[in-house]
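Spelled out, the chains give:
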Amino acid sequence: MGLIFLVGFMGCGKTSWGRKLAAGLGYDFIDLDHTLEAKVGSTVADYFASHGETAFRNLESEILKTTAYPQNTIVSTGGGLPCFFDNMDWMNSHGQTLYIQLSPKALANRLEHAKTPRPVLQGKKGDELVTFIEHKLAERKGFYLKATHIVDGMDMSVDKLMGIINGNI
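Procedures and definitions
- Residues numbered from 1 in each chain as written.
- Predicted model: local features only at pLDDT ≥ 70, side-chain atom pairs only at ≥ 80, totals over all residues.
- Heavy atoms only, no water.
- Helix = DSSP H or I, 4+ residues; strand = E, 2+ residues; numbered from the N terminus.
- Rg over C-alpha atoms; globule rule 2.2 N^0.38 Å.
- Buried < 20%, exposed > 50% of the residue type's maximum accessible area, 1.4 Å probe, protein only.
- Lys, Arg positive; Asp, Glu negative; His and termini not counted.
- Charge placed at Lys NZ, Arg CZ, Asp CG, Glu CD.
- Phe/Tyr/Trp six-rings, centres within 6.5 Å; stacked < 30°, edge-to-face > 60°.
- Lys NZ or Arg CZ within 6 Å of the ring centre and 35° of its normal.
- Expected span 1.5 Å × (residues − 1).
- Arc of directions from axis to C-beta.
- Contact = heavy atoms within 4.5 Å.

Remarks on the overall build of the protein
Working step 1: A count of helices and strands for the protein gives seven helices and five strands.
Working step 2: The order of α-helices and β-strands along the protein, N terminus first, is β-α-β-α-α-β-α-β-α-α-β-α.
Working step 3: Here the protein has a C-alpha radius of gyration of 15 Å; the compact-globule value for 169 residues is 15 Å, and the two agree.
Working step 4: When the backbone C-alpha atoms are referred to their principal axes, the protein occupies close to 40 × 35 × 30 Å.
Working step 5: Across the 169 residues of the protein, 45% fall into the buried class.
Working step 6: Here the protein holds 17 positive side-chain charges and 18 negative ones, and the gap between their average locations is 2 Å.

A closer look at the packing of aromatic side chains
By convention here, two paired aromatic rings are described through the distance between centres and the angle between planes.
Working step 1: Tallied over the full model, the rule gives four aromatic pairs.
Working step 2: When the ring of Phe5 is compared with that of Trp90, the centres are 6.1 Å apart and the planes differ by 70 degrees; the resulting orientation is edge-to-face. Pair noted here: Phe5 is in strand β1 (residues 3-7) and Trp90 is in helix α4 (residues 87-94), with a separation of 85 residues, a long-range link. By the burial criterion, Phe5 is buried, and Trp90 matches it.
Working step 3: Chaining the aromatic ring pairs together yields one cluster made of Phe5, Tyr69 and Trp90.
Working step 4: Seen from the ring of Trp17, Lys20 lies directly overhead, with NZ or CZ sitting 4.5 Å from the centre.
Working step 5: The ring of Phe132 has Lys124 sitting right over it, with the charged end atom 4.8 Å from the ring centre.

Considerations on helix α1 (residues 14-25)
Working step 1: With twelve residues, α1 should cover 16 Å at 1.5 Å per step; its first-to-last C-alpha distance of 16 Å lies within 8% of that length.
Working step 2: Of the positions making up α1, those classed as buried are Lys14, Trp17, Gly18, Leu21 and Ala22. Along the long axis of α1, the arc covered by the buried residues comes to 135 degrees, so they all point the same way.
Working step 3: In this fold, the buried residues of α1 make contact with β1, β2 (28-31), β3 (73-76), β4 (96-101) and α7 (158-165).
Working step 4: Phi for Gly26, located one or two positions after α1, is positive at around 75 degrees.

Printed below as a string of structure tokens:
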């Protein structure tokens, strides 16, 4: 099956499900945010704050396209990565893409109670957070929907994901 890129909004579970899916398939797992952090020696949030969004998006795209992926790998991407440059088309031409779709309310609930704070969400809670997510999802929807597979993030299991990827579901 080769490369499988997981895409979706922050908090949808790309890293968690990516690790589980990789274990289930016997694949390698790469989190592109961690790859970026290792390359620059700082967190994504710190790099973004210090260098701005344009520099971050350029570096993120470069890392996507220059990483040496093992033959069979699950790749967790940043939430915005598919929405810039030709990144989504690049991923679709180099493997399968799987969009983990969740409602704005479900995403807000996860993000509001997340262990790791997200700087872009700082100070947003409740209805304000839901509204922010609704707006961002509307901007990104066209990119996310280009995915090879679209899955309901509330109704997932490793077996279901493997079936979808293998074309059995």
